[in-house]
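Each chain, written out:
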Amino acid sequence: WLAAVGQKPLALALRHAPPRFRRDRDIVLEAVRSNGFALRYASDPLRRDPDVVLEAVQNNGFALGHAMGNCTQDRYIVLVAVQQNGMALRFASPDLQSDRDVVL
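Residues numbered from 1 in each chain as written. Predicted model: local features only at pLDDT ≥ 70, side-chain atom pairs only at ≥ 80, totals over all residues. Heavy atoms only, no water.

1. Digging into the side chain of serine 43
Note on placement: serine 43 falls in the loop between helix H4 (25–34) and helix H5 (44–47). For serine 43, a relative accessible area of 14% translates into the label buried. Once you skip the residues sitting within four places of it in the chain, serine 43 turns out to touch Arg22 and Arg23. (Helix = DSSP H or I, 4+ residues; strand = E, 2+ residues; numbered from the N terminus. Buried < 20%, exposed > 50% of the residue type's maximum accessible area, 1.4 Å probe, protein only. Contact = heavy atoms within 4.5 Å.)

Structure representation (structure tokens):
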């Protein structure tokens, strides 16, 4: 699969990747660094991984919408996402959506 990707952006190629590549932390990290939306195609455990989610939202705050687990409740991750794209606030936990420091 990696050889077949060739010059395609890894973030786009992840969409059609076999599950073992979607579970590979290094591959997913590289993909989300180039396009945060690649988080959508990562395995569920990686979508729960705060380090992976943080990399994704640094690239595109809207990637928070593809995060799982406690990541939408993590104040730092949400702050980074909202700073990158204010509209990402809609994907934060209700508590953080009403947190004055996050909103402003």
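2. Side note on the nonpolar core
One finds Leu14, Leu39 and Val57 to be the most contacted residues of the largest nonpolar core, which totals 33 residues. For this core, the elements supplying multiple residues, two or more each, are H4, helix H6 (50–59) and helix H7 (75–84). If sequence neighbours within four positions are ignored, leucine 39 has contacts with Val32, Leu46, Arg47, Val52, Val53, Ala56, Ala63, His66 and Ala67. (Core = buried A, V, L, I, M, F, W, Y, C linked by side-chain atoms within 4.5 Å.)

These values are about where atoms sit, not about what they do.
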